[in-house]
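Each chain, written out:
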Amino acid sequence: MPDGTEKPYAMNFGAGIYFDGMTSARHEVGVELTPEGLKISGHDGRLWAQWPYDEIEELAAPDNMLRLGRRGSATLERLEIRDPAFAAEIDAEAIHVDRTGALQRRQRMRVIGWSVGATASLLLVAWFGVPAIAARLALVLPVSVERKLGDAVDMQVRGVLNTGKNDAAFDCGTAAAEMPGRAALDKLMRRLESVAALVIPLRTSVVRRHEANALALPGGHIYVFRGLIDKADKADEVAGVIAHEIGHVAHRDGTKAMLEGAGLSFLFGMLLGDFVGGGAVVLAARNVLQSSYSREAETAADAYSTDLMNKAGGDARALAVILEKTGGATEPGTQILMDHPETKARIAAINRLAAARPSAPLLEASEWAALKQICAGS
């Protein structure tokens, strides 16, 4: 029996054929498994070689033979073992011998482990890293870059909103009977933009959608739906909603949502200068249309709208009025409405912030009447 410092082997000695790699002579040898490695000796007691277990590798051989070589050896020495039981003992000790498939199984498990780890890392990046990156990146993007991003998403958004696929009929304010309404909208926007003083110039479109809604895209494009104007009883109600959307533009909420929704593929594409390629833009557009802003973003946009209406001299409480009429569904989205803060709480917060002073309508009665007819062409 070996002492406590040695490993007890079930079968620690066997016969083999040894080739020294310098001659073609066969040498019948005895092979001993020691704690350090294989010890190869002739029947005359001559020590032919000692191979550490981590330097032994398996060579191609028939099924009934274990053929071994020494890794990194300058000669082609090899050892052949034909006893299956002894071959199994060597297999169990030599790191690079894998007749039982255990090494392959360990390697597969290692690959699976690394794959699971890599997947978990990507999920963590997507869950925590992308929103953080998007939030920071959106605030420092040059206006020219944000406009390119917005234009790319705008093509997809228009395709979703314009179910009739007729651009001329989709946009209001282009027919002769609608032009006074377009002029009234332009006046309203000049009033709001003059006090907003944004670095991003705004583009506002009224489109033939019957939902009482509006939404802002990255880059300053604001869509006002016909249903919102139909629902409103005065111009300041429409102005309050538009001011809310201007708040999202000022805070770049749409850009953040777009970058988060499209994920890493869009971030990498943007870094490479690709603003319109691939499916990332489609995902970004879908996120703008179907994903809600956070409660904090909505509250901030309401506060921005109230402050902007106060500065413009309009009725800041008008936003609360239209919110009550529409149930809080003011953006972004179509018939799938967003998870806004509770409407009553929003209304109360807006009324608290609204200036307690007389206000004047942002449009004259005739101008408001014209704006109500901005989609009269169809």
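Cut-off values and rules
Residues numbered from 1 in each chain as written. Predicted model: local features only at pLDDT ≥ 70, side-chain atom pairs only at ≥ 80, totals over all residues. Heavy atoms only, no water. Phe/Tyr/Trp six-rings, centres within 6.5 Å; stacked < 30°, edge-to-face > 60°. Helix = DSSP H or I, 4+ residues; strand = E, 2+ residues; numbered from the N terminus. Lys NZ or Arg CZ within 6 Å of the ring centre and 35° of its normal. Expected span 1.5 Å × (residues − 1). Contact = heavy atoms within 4.5 Å. Axes fitted to C-alpha atoms, helices over the stretch in contact; angles between N-to-C directions. Parallel < 35°, antiparallel > 145°, perpendicular 65-115°, else oblique. Nonpolar A, V, L, I, M, F, W, Y, C, P; charged D, E, K, R; others polar. Salt bridge = Lys/Arg side-chain N within 4 Å of Asp/Glu carboxyl O. Buried < 20%, exposed > 50% of the residue type's maximum accessible area, 1.4 Å probe, protein only.

> So, the packing of aromatic side chains: which residues are in play, and what are the values?
As enumerated under the stated definition, the model contains one aromatic pair in all. The interplanar angle of 45 degrees and the centroid separation of 5.8 Å between the aromatic rings of Tyr18 and Trp48 together place this pair among those described as tilted. Taken together, the residues Tyr18 in strand β1 (residues 13-19) and Trp48 in strand β4 (residues 47-52) connect sequence positions 30 residues apart. The side chain of Arg78 reaches across the aromatic face of Phe19, ending 4.0 Å from its centre.

> Can you explain helix α5 (residues 179-196)? Please cite residues and give values.
Given a rise of 1.5 Å per residue, 18 residues ought to cover 26 Å, and the 25 Å separating the end C-alpha atoms of α5 matches this to within 8%. If you follow the buried residues of α5, they end up packed against β8 (203-207), α7 (235-251), α11 (295-312) and α14 (365-372). Within two residues after α5, Ala197 carries a phi angle of roughly 50 degrees, on the positive side.

> Explain the packing of α7 against helix α12 (residues 318-326) to me, using residue names and the numbers behind them.
Relative to each other, α7 and α12 sit at 90 degrees, their axes nearing to 8 Å. Viewed along their axes, α7 and α12 adopt a mutual orientation that is roughly perpendicular. Counting all contacts with α7, which are made through Asp236, Glu237, Gly240 and Val241, the residues of α12 involved are Ala318, Leu319, Val321, Ile322 and Lys325. When its residues are assigned to classes, the contact of α7 with α12 shows five nonpolar, one polar and three charged.

> I'd like to hear about the pattern of salt bridges, residue by residue, with values.
Taken as a whole and assessed by the stated rule, the structure comprises 17 salt bridges. As a salt-bridge pair, Arg67 and Glu80 come within 3.0 Å of each other at their nearest N and O atoms. With a gap of 13 residues between them, Arg67 in strand β6 (residues 66-70) and Glu80 in strand β7 (residues 78-81) connect regions that are remote in the sequence. Accessibility expressed as a relative area gives 7% for Glu80, which makes it buried. Between Arg158 and Asp171 there is a salt bridge, with the nearest N and O atoms lying 2.6 Å from each other. Taken as a pair, Arg158 in helix α3 (residues 143-161) and Asp171 in the loop between α4 (167-170) and α5 lie far apart in primary sequence, 13 residues in all. Accessibility assignment for this pair places Arg158 and Asp171 in one class, buried.

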